[in-house]
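Chain by chain, the residues:
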Amino acid sequence: MNYKVVPLSSEIARSVRAEMISPQYRHPASVAVATGYGPCRQCLRKLIVGEDERILFTYNAFAGLSNLPNPSPVFIHKSECRPFDGNGFPPELIDLPLLFEGFAAESELVKREPMSRENFEDQIAEIFGLSGVNYINIRNAEAGCFVARIERN
Ligand SMILES: [Zn+2]
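Residues numbered from 1 in each chain as written. Predicted model: local features only at pLDDT ≥ 70, side-chain atom pairs only at ≥ 80, totals over all residues. Heavy atoms only, no water.

Trainee: Would you take a moment to explain the domain arrangement of the chain for this structure?
Mentor: What the domain assignment lists for the chain is domain 1 (8–77) and domain 2 (91–152). Centre-to-centre, using C-alpha coordinates, domain 1 lies 19 Å away from domain 2. Across the boundary between the two partners, domain 1 contributes 16 residues, which contact 17 residues of domain 2. When domain 1 packs against domain 2, close to 1500 Å² is buried across both sides, 55% of that on carbon and sulfur atoms. (Domains from an automatic or database assignment. Contact = heavy atoms within 4.5 Å. Buried area = accessible area lost by both parts, 1.4 Å probe.)

Printed below as a string of structure tokens:
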């Protein structure tokens, strides 16, 4: 596999669960039973509607990558979960409406396209082949929220 999908950091997740505030913004986080699929940004699995408790908080996925923050609301499971560390694409994300966004230095957007369920691995390779692209963000195509980052392996 020539890419890896990187979830939200465990350090951030631990901090939110312990303090119930966004570690980056100091805004209060909120807990509720899931009313949507999420997904959880740490294990990259869908939330079970009406069952899973999730924390909602504000996250800047560009920390350390760009001087321009891009805050996004994100969900994680309220209880500790296993960060995604698998090879390839998280299976539970494949049928969600997602966008791929290839970014160059200082979060300059180089390419945005809807993820294709049939050939997303070719798409990832193509975007990484574009000049300047350092990483690809996965975004929800409907809510617009940040989901995870794809890095070269
Ligand atoms: Zn989770």
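Trainee: Before we go on, may I ask you to explain the coordination of the zinc ion in this structure?
Mentor: Six octahedral donors around a metal ideally make angles of 90 or 180 degrees; four tetrahedral donors ideally make 109.5 degrees. At the metal site, the zinc ion is ligated by Cys40 (SG), Cys43 (SG), His77 (ND1) and Cys81 (SG), and these contacts range over 2.0 to 2.3 Å. Around the zinc ion sit 4 donor atoms; with metal-centred angles ranging over 102 to 120°, the donor geometry is tetrahedral. Donor residues for the zinc ion sit on one chain with the sequence pattern C-x2-C-x33-H-x3-C. Note that Cys40 is positioned in the loop between strand 2 (30–33) and strand 3 (53–60) and Cys81 in the loop between strand 4 (71–77) and strand 5 (98–104), a separation of 41 residues in sequence. Across this residue pair, the class does not change: Cys40 and Cys81 are buried. (Donors = N, O, S within 2.8 Å, 3.2 Å for Na, K, Ca; no water. Tetrahedral: all angles 85-135°; square planar, octahedral: opposite > 155°, others 65-115°. Helix = DSSP H or I, 4+ residues; strand = E, 2+ residues; numbered from the N terminus. Buried < 20%, exposed > 50% of the residue type's maximum accessible area, 1.4 Å probe, protein only.)

Trainee: What exactly am I supposed to notice about the pairing of strand 8 (residues 146–152) here?
Mentor: One face of the sheet, then the other: side chains in a regular strand alternate in exactly this way. Among the 7 residues of strand 8, 5 are classified as buried, and the element is accordingly described as predominantly covered. Linking strand 7 (residues 135–140) back to strand 8 in an antiparallel pair, the connection comprises 5 residues, with Gly144 at a positive phi of about 85°. (Pairing = 2+ DSSP bridges.)

Trainee: Sorry, what's going on with the pattern of salt bridges here?
Mentor: A pair can form between side chains of opposite charge whenever their charged atoms are brought close. Counting across every chain of the model gives 10 salt bridges. Across the salt bridge formed by Asp95 and Lys46, the nearest N and O atoms sit 3.1 Å from each other. With Asp95 in the loop between strand 4 and strand 5 and Lys46 in the loop between strand 2 and strand 3, the pair connects residues that are 49 residues apart, well separated along the chain. Taking relative accessible area as the criterion, Asp95 reaches 42% and is therefore assigned partly exposed. In this structure, the salt-bridge partner of Lys78 is Glu53, at a minimum N-O distance of 4.0 Å. (Salt bridge = Lys/Arg side-chain N within 4 Å of Asp/Glu carboxyl O.)

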